[in-house]
Each structure stands twice: as structure tokens, then as C-alpha cells.
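# Commentary on secondary and tertiary structure
Given next are the chains, with one letter for each unit.
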Amino acid sequence: MGAWGPELWEDDLSCDIQDEWNDLLDEGCSPRKATKIILESWLEEFQDYEDEKDAQADLSILYISLAALQLRHRALQSKIKKKALEYLEKGGDLHLWKEGDKQDYEERRKVLDEFKLKLSGVKARLF
């Protein structure tokens with residue numbers, strides 16, 4: 001895992017997703033189209049995982065990142081919200097943080113809990 005901090009945008013995967021999102025929007029894609037392109041490319045890349053926990057970590061980061069980006073652009077799709085909340089309920093990528101510093105683990109847990117609360121309180125668009 002290429003994480004350097006517990007915040008949502010402090011790991012390599014979430015930053016790669018955010019960069020791709022920004023590039024797609026700069027090219028004229030809508031948030032909906034950008035989401036579709038990102039999901040297709042990353043889900044294909046994640047197909048070969050043998051370890052379910054590693055797959056869960058990356059899938060949770062994917063859906064949490066997309067939900068955060070859609071929220072930022074006021075374009076939250078119900079399916080992205082639902083998947084992000086499912087992964088947040090499962091603990092997201094917290095298992096990767098258990099072996100590290102306890103303070104970092106607790107901070108990551110707090111960040112995920114706060115995002116889950118925020119995401120739960122937002123009405124998604126139905127499209």
C-alpha cells in the first residue's frame with residue numbers, strides 16, 4: 001500500500017483515481033462519464049486479486065474516492081453511494097492499517113467514520 005497518511009487523499013490509489021478524474025473532466029467528460037471510465041479501468045485491474053482482503057481494500061478506496069469526487073461536483077450517483085457505504089460498513093481498508101502505528105489506525109478509522117456519516121446524510125441522484 002502506498003499510503004503516507006490517514007486522510008482520504010493520502011495514498012497512491014486515491015490520488016491516481018483523483019488525477020484520472022480531473023484529467024477526464026478537463027477533457028470535457030461529465031462526472032457520470034468519468035465515473036464509468038474509471039470504474040471500467042480499475043475494476044478490470046482488480047480482477048486478478050487472490051487475497052479477498054487486499055481486493056476489499058482497493059475496491060473500498062475506489063468507491064470511497066469516487067463518492068468523494070462526485071460529492072465535490074454535486075453529482076453523487078446512488079450506485080456509487082451504496083457501494084461506498086457497503087465498503088465503509090466492512091471497514092474499508094482498515095485491515096491494512098492494523099499492523100502499523102495504533103495512532104495512525106485510529107486516525108484512519110476516524111476519517112472513514114466521518115466520511116461514512118457525511119455520505120449517509122447526502123441524497124444521491126438517481127441516474
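See the structure above.
What you see is a predicted model, and the numbers here were worked out from it, not measured in a lab.

## Comments concerning helix α3 (residues 52-72)
For α3, built from 21 residues, the straight-helix expectation of 30 Å at 1.5 Å per residue is met to within 8% by its first-to-last C-alpha distance of 30 Å. The buried count for α3 comes to 17 of 21 residues, which makes it a mostly enclosed element. Trailing α3 by a residue or two, R74 shows a phi angle of about 50°, which is positive.

## Here we look at the packing of helix α2 (residues 31-45) against α3
Relative to each other, α2 and α3 sit at 170°, their axes nearing to 11 Å. What the angle tells us is that α2 and α3 run roughly antiparallel. For the pair α2 and α3, contact is made by T35, I38, L39, W42 and L43 and by L59, L62, Y63, L66 and Q70, respectively. For the contact of α2 with α3, the per-class residue count stands at eight nonpolar, two polar and no charged.

## Describing the packing of aromatic side chains
The geometry of an aromatic ring pair is captured by two quantities: the separation of the ring centres and the angle between the planes. Inspection of the entire model under this criterion finds three aromatic pairs. Arranged with centres 5.8 Å apart and planes meeting at 40°, the rings of W42 and F46 form a pair that is tilted. Among the aromatic side chains, those forming a connected cluster through ring pairs are W42, F46 and Y49. If you follow K83 out to its NZ or CZ, it ends over the ring of Y63, 5.6 Å from the centre.

## Digging into the pattern of salt bridges
Within this structure, the stated rule accounts for six salt bridges. We note a salt bridge from K83 to E86, for which the minimum N-O separation is 3.9 Å. Residue K83 and its partner E86 are located together in helix α4 (residues 78-89), separated by three residues, close to a single helical turn. Relative accessible area serves as the criterion here: at 27%, K83 is assigned to the partly exposed category. Assessed through its relative accessible area of 33%, E86 is described here as partly exposed. Linking E89 and K116 is a salt bridge whose minimum nitrogen-to-oxygen distance equals 3.3 Å. With a gap of 27 residues between them, E89 in helix α4 and K116 in helix α5 (residues 102-120) connect regions that are remote in the sequence.

## Some details on a negative patch on the surface
Taken together, D12, D16, D19, D23, D26, E27, E44 and E45 make up a surface patch of like negative charges. Every element with two or more residues in the negative patch is listed here: α1 (12-26) and α2. Looking at which element gives the most residues to the negative patch, the answer is α1, with five residues. Here D23 shows up in helix α1.

Scoring rules and cut-offs
Each chain has its residues counted from 1, following the order in which its sequence is written. Reporting of local features is limited, given that this is a predicted model, to residues whose pLDDT is at least 70; pairs of side-chain atoms are given and counted only at 80 or more, and all residues count toward the totals for whole chains, interfaces and linings. Heavy atoms from the whole structure form the basis of all side-chain values; hydrogens and water molecules are not counted. We count a stretch as a helix when DSSP gives it H or I for four or more residues in a row; a strand needs E for two or more, and each element gets its number in order from the N terminus. Here the expected length of a helix is defined as 1.5 Å per residue gap, with one fewer gap than residues. Burial classes follow relative accessibility: with a 1.4 Å probe on protein chains only, a residue under 20% of its type's maximum area counts as buried, one over 50% as exposed, and anything between as partly exposed. In this analysis, axes come from line fits to C-alpha atoms, helices being fitted only over the stretch in contact, and the angle between any two N-to-C directions falls in the range 0 to 180 degrees. Comment on the angle field: the value is read as roughly parallel under 35 degrees, roughly antiparallel over 145, roughly perpendicular from 65 to 115, and oblique elsewhere. The contact criterion used throughout is that any non-hydrogen atoms of two residues lie within 4.5 Å. Residue polarity is assigned by list, with Asp, Glu, Lys and Arg as charged and Ala, Val, Leu, Ile, Met, Phe, Trp, Tyr, Cys and Pro as nonpolar; anything else, Gly included, falls into the polar class. A pair of Phe, Tyr and Trp rings is counted when the ring centres sit within 6.5 Å of each other, with Trp represented by its six-membered ring. The angle between the planes then sorts it: under 30 degrees is stacked, over 60 is edge-to-face, the rest tilted. A positively charged side chain is recorded as over a ring if its NZ (Lys) or CZ (Arg) lies within 6 Å of the ring centre. The angle to the ring normal must also be within 35 degrees. Every case where a carboxyl oxygen of Asp or Glu lies within 4 Å of a side-chain nitrogen of Lys or Arg is listed as a salt bridge. Patch membership requires over 30% relative accessible area and the absence of a salt bridge. Like charges are linked within 9 Å, and nonpolar side chains (Val, Leu, Ile, Met, Phe, Trp, Tyr) within 5 Å. In this description, accessible areas are obtained by the Shrake-Rupley approach with a 1.4 Å probe, and a residue is regarded as covered only by the protein chains that are shown. By the counting rule applied here, Lys and Arg register as positive and Asp and Glu as negative, while His and the ends of each chain are not counted. Where a charge lies is defined by one atom per residue type: Lys uses NZ, Arg uses CZ, Asp uses CG and Glu uses CD.

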